[in-house]
Amino acid sequence: MKPDLFQSPDYYNLDDLLTDEHKLVRESARAWVKREVSPIIEEYAQKAEFPKQIIKGLGEIGGFGPYIPVEYGGAGLDQISYGLIMQEIERGDSGVRSTSSVQSSLVMYPIWKYGNEEQRMKYLPKLATGEFIGCFGLTEPDHGSDPGSMITNFKDMGDHYLLNGAKMWISNAPFADIAVVWAKNEEGRIHGLIVERGMEGFSTPETHNKWSLRASATGELIFDNVKVPKENLLPNKSGLGAPLGCLDSARYGIAWGAIGAAMDCYDTALRYAKERIQFGKPIGGTQLQQKKLAEMITEITKAQLLTWRLGVLRNEGKATTAQISMAKRNNVDMAIHIAREARQMLGGMGITGEYSIMRHMMNLESVITYEGTHDIHLLITGLDVTGIPAFK
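Residues numbered from 1 in each chain as written. Predicted model: local features only at pLDDT ≥ 70, side-chain atom pairs only at ≥ 80, totals over all residues. Heavy atoms only, no water.

**Things to note about the packing of aromatic side chains**
Now for step 1: Here the structure, examined in full by the defined rule, presents twelve aromatic pairs.
Now for step 2: Seen from their ring centres, Phe-154 and Tyr-161 are 5.1 Å apart, and the 75° between their planes marks the pair as edge-to-face. A single burial state applies to Phe-154 and to Tyr-161, both of which are buried.
Now for step 3: Aromatic ring contacts, followed pair by pair, group Tyr-67, Tyr-82, Tyr-109, Trp-112, Tyr-114, Phe-136, Trp-182 and Tyr-252 into a single cluster.
Now for step 4: The ring of Tyr-44 is capped by Lys-47, whose NZ or CZ atom sits 4.3 Å from the centre of that ring.
Now for step 5: The cationic tip of Lys-113 hangs over the ring face of Trp-112; the distance from NZ or CZ to the ring centre is 4.7 Å. (Phe/Tyr/Trp six-rings, centres within 6.5 Å; stacked < 30°, edge-to-face > 60°. Buried < 20%, exposed > 50% of the residue type's maximum accessible area, 1.4 Å probe, protein only. Lys NZ or Arg CZ within 6 Å of the ring centre and 35° of its normal.)

**Some words on unusual backbone geometry**
Now for step 1: Its identity as a non-glycine residue notwithstanding, Leu-213 has a phi of 50°, on the positive side.
Now for step 2: Residue position: Leu-213 is located in the loop between strand E6 (202–203) and strand E7 (218–229).
Now for step 3: The buried category is assigned to Leu-213, whose relative accessible area is 5%.
Now for step 4: Although it is not a glycine, Phe-279 sits at a positive phi angle of roughly 55°. (Helix = DSSP H or I, 4+ residues; strand = E, 2+ residues; numbered from the N terminus.)

**Things to note about helix H9 (residues 321–345)**
For an α-helix, 3.6 residues make a turn, and residues three or four places apart therefore share a direction.
Now for step 1: For H9, which comprises 25 residues, the first-to-last C-alpha distance of 36 Å matches the rise-based estimate of 36 Å (1.5 Å per residue) to within 8%.
Now for step 2: One or two positions beyond H9, positive phi appears at Gly-347, with a value near 60°. (Expected span 1.5 Å × (residues − 1).)

**Quick look at the packing of helix H4 (residues 79–92) against helix H5 (residues 94–114)**
Now for step 1: At a minimum axis separation of 7 Å, H4 and H5 run at an interaxial angle of 150°. The angle between H4 and H5 falls in the class roughly antiparallel. Contact residues: H4 offers Tyr-82, Met-86, Ile-89 and Glu-90, while H5 offers Ser-94, Val-96, Arg-97, Ser-100, Ser-101, Ser-104 and Ser-105.
Now for step 2: Here the contact of H4 with H5 is built from residues that sort into four nonpolar, five polar and two charged. (Axes fitted to C-alpha atoms, helices over the stretch in contact; angles between N-to-C directions. Parallel < 35°, antiparallel > 145°, perpendicular 65-115°, else oblique. Contact = heavy atoms within 4.5 Å. Nonpolar A, V, L, I, M, F, W, Y, C, P; charged D, E, K, R; others polar.)

**What to know about the pattern of salt bridges**
Now for step 1: Counting across every chain of the model gives 22 salt bridges.
Now for step 2: Linking Arg-26 and Asp-15 is a salt bridge whose minimum nitrogen-to-oxygen distance equals 2.7 Å. Of this pair, Arg-26 sits in helix H1 (residues 20–37) while Asp-15 sits in the segment before H1, and the two are eleven residues apart along the sequence.
Now for step 3: Overall, Arg-26 belongs to the buried group, its relative accessible area being 8%.
Now for step 4: Residue class for Asp-15 comes out partly exposed when judged on its relative accessible area of 24%.
Now for step 5: Put simply, Arg-30 and Glu-27 hold a salt bridge, and the shortest N to O gap is 3.4 Å. Separated by three residues within a single helix, Arg-30 and Glu-27 lie in helix H1, roughly one turn from each other. (Salt bridge = Lys/Arg side-chain N within 4 Å of Asp/Glu carboxyl O.)

**A few points about a nonpolar patch on the surface**
Now for step 1: A cluster of nonpolar side chains, contributed by Tyr-11, Tyr-12, Leu-17 and Leu-305, occupies part of the molecular surface with about 450 Å² of accessible area.
Now for step 2: You can see Leu-305 is positioned in helix H8 (residues 287–315). (Patch = residues over 30% accessible without salt bridge, like charges linked within 9 Å, V, L, I, M, F, W, Y side chains within 5 Å. Areas by Shrake-Rupley, 256 points an atom, 1.4 Å probe, with all protein chains shown as cover.)

**Re the side chain of Arg-120**
Now for step 1: Tracing the chain through its elements places Arg-120 in helix H6 (residues 117–129).
Now for step 2: Engagement of the side chain of Arg-120 in a polar contact is seen with the side chain of Glu-117, the distance being 2.9 Å.
Now for step 3: The residues touching Arg-120, leaving out its near neighbours within four places in the chain, are Tyr-72, Ile-111, Trp-112, Lys-113, Gly-115, Pro-125 and Asn-236. (Polar contact = N/O pair within 3.5 Å; in protein donor to acceptor, adjacent residues only side chain to side chain.)

**Considering the pairing of E7**
Now for step 1: Bridging between strand E3 (residues 160–171) and E7 involves nine bridges; their strand directions are antiparallel. By the bridge assignment, His-160 is partnered in E7 with Pro-229. (Pairing = 2+ DSSP bridges.)

**Some thoughts on the UniProt feature "domain: Acyl-CoA oxidase/dehydrogenase middle" (unreviewed entry) in the chain**
Now for step 1: Annotation from UniProt places "domain: Acyl-CoA oxidase/dehydrogenase middle" (unreviewed entry) at residues 135–226.
Now for step 2: With 0% helix and 48% strand, residues 135–226 has end C-alpha atoms that lie 17 Å from one another. (UniProt positions renumbered as here; feature names shortened; annotations may be inferred.)

**Some points on empty space enclosed by the protein**
Now for step 1: Summed over the entire model, instances satisfying the criterion amount to one cavity of 30 Å³ or more.
Now for step 2: Lining the largest cavity we find Ala-45, Asp-93, Arg-214, Ala-215, Arg-359, Met-362 and Asn-363.
Now for step 3: Tallying contributions element by element places helix H10 (residues 357–367) first for the lining of the largest cavity, with three residues.
Now for step 4: Here the residues of the lining of the largest cavity are counted per class, giving three nonpolar, one polar and three charged. (1 Å grid on protein atoms, 1.4 Å probe; cavity = no way out; pocket = protein on both sides within 12 Å on 5 of 7 lines; lining within 4 Å. Points joined across faces, edges and corners; volume = space filled by probe spheres on them.)

**Re the pairing of E3**
Now for step 1: Sheet topology places strand E2 (residues 153–156) next to E3; four bridges connect them, and they run antiparallel. Paired with Asp-156 across the two strands is Tyr-161, which belongs to E3.
Now for step 2: In this antiparallel pair of consecutive strands, E2 and E3, the connection spans three residues, and Gly-158 shows a positive phi of 100°.

**Focus: the layout of surface pockets**
Now for step 1: Of the volumes computed, that of the largest pocket is approximately 1200 Å³.
Now for step 2: Along its surface, the largest pocket is lined by 37 residues, and Thr-139, Gly-144, Ser-145, Glu-371 and Gly-372 are the ones closest to its centre.
Now for step 3: Elements that contribute at least two residues to the lining of the largest pocket include exactly H5, E3, helix H7 (241–275) and helix H11 (374–386).
Now for step 4: Broken down by element, the residue count for the lining of the largest pocket peaks at six residues, all from H7.

Here is the structure:
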């Protein structure tokens with residue numbers, strides 16, 4: 001494994017906009033990624049396995065629910081700190097960031113926001129340390145961009161609920177201890193339920209043969225007459241807006257994370273362009289390669305400004321769903337374009353595991369689709385600016 005020589009680009013001196021705490025949080029996460037993720041991630045991606053030994057470290061750097069209040073085991077950090085942690089983790093690998101952001105925004109967030117005090121105290125401290133790993137069940141085999149059409153359902157059996165259905169493309173599912181599952185009651189209203197591993201009829205088969213997010217564990221959630229205790233229903237919010245509120249938090253984290261992947265590809269390509277000699281000089285001295293690098297740093301800088309401003313709005317409680325959609329769509333598109341350009345700059349070396357670029361490129365093919373596809377986020381912006389829905 002080549003040494004991790006990553007140097008973070010900051011073309012517009014955005015560090016001047018960050019607090020000392022922000023920078024400390026970021027540097028702690030960056031150092032951990034260099035030490036614990038970079039040396040092993042290519043091997044784990046090649047063998048399509050999630051490196052479970054990093055879970056404890058993810059908890060220690062605030063990778064699980066950093067904005068969750070301290071009394072529930074979180075770090076009590078702000079939204080920009082959360083974003084910076086996601087940026088650094090995804091600089092290492094999108095699959096590792098997926099585990100982190102699912103745990104934070106799709107498991108801990110709904111328990112914190114929609115759960116009761118007993119549920120918060122039971123689950124959040126163990127989720128914050130990584131003692132428990134969670135997953136989020138919304139997408140179904142036949143219901144992805146239209147989750148409101150889900151068929152997973154539960155019935156009131158008097159002293160418990162009876163849950164039936166299936167969820168698909170679920171990060172962390174194969175080894176998750178709990179699942180926050182969204183299902184319809186007998187009136188067709190969507191509610192969140194906490195399903196625990198070991199409940200009879202609950203299984204989590206792993207999804208194999210992925211070309212993307214290979215170092216992330218993906219699976220299904222199968223519910224065959226699962227008896228869920230009534231105290232496991234999240235009581236404080238129902239309807240489709242509940243899971244979509246979780247997705248707002250997760251998409252915000254992705255907007256930051258994608259910058260990390262883009263930075264890593266840019267930094268690798270820049271270093272290579274200075275070292276690779278062709279026709280008697282470094283390829284970085286040619287116009288076409290400089291054009292690629294100049295455009296990369298321009299787009300990264302624009303994305304940094306977009307997410308920083310969005311983080312300020314999130315801290316102030318002013319960020320809208322549509323604003324988050326714009327950042328997620330823009331930044332992932334930016335990152336995947338940079339990955340493709342960087343791959344070309346490295347020529348044949350760009351497809352090997354000696355460099356991170358091809359792995360980032362394959363990972364971003366999933367990131368551009370999950371938690372709202374590229375096209376769906378475009379339509380969310382279109383609805384916001386016109387007031388006319390165009391989803392169907």
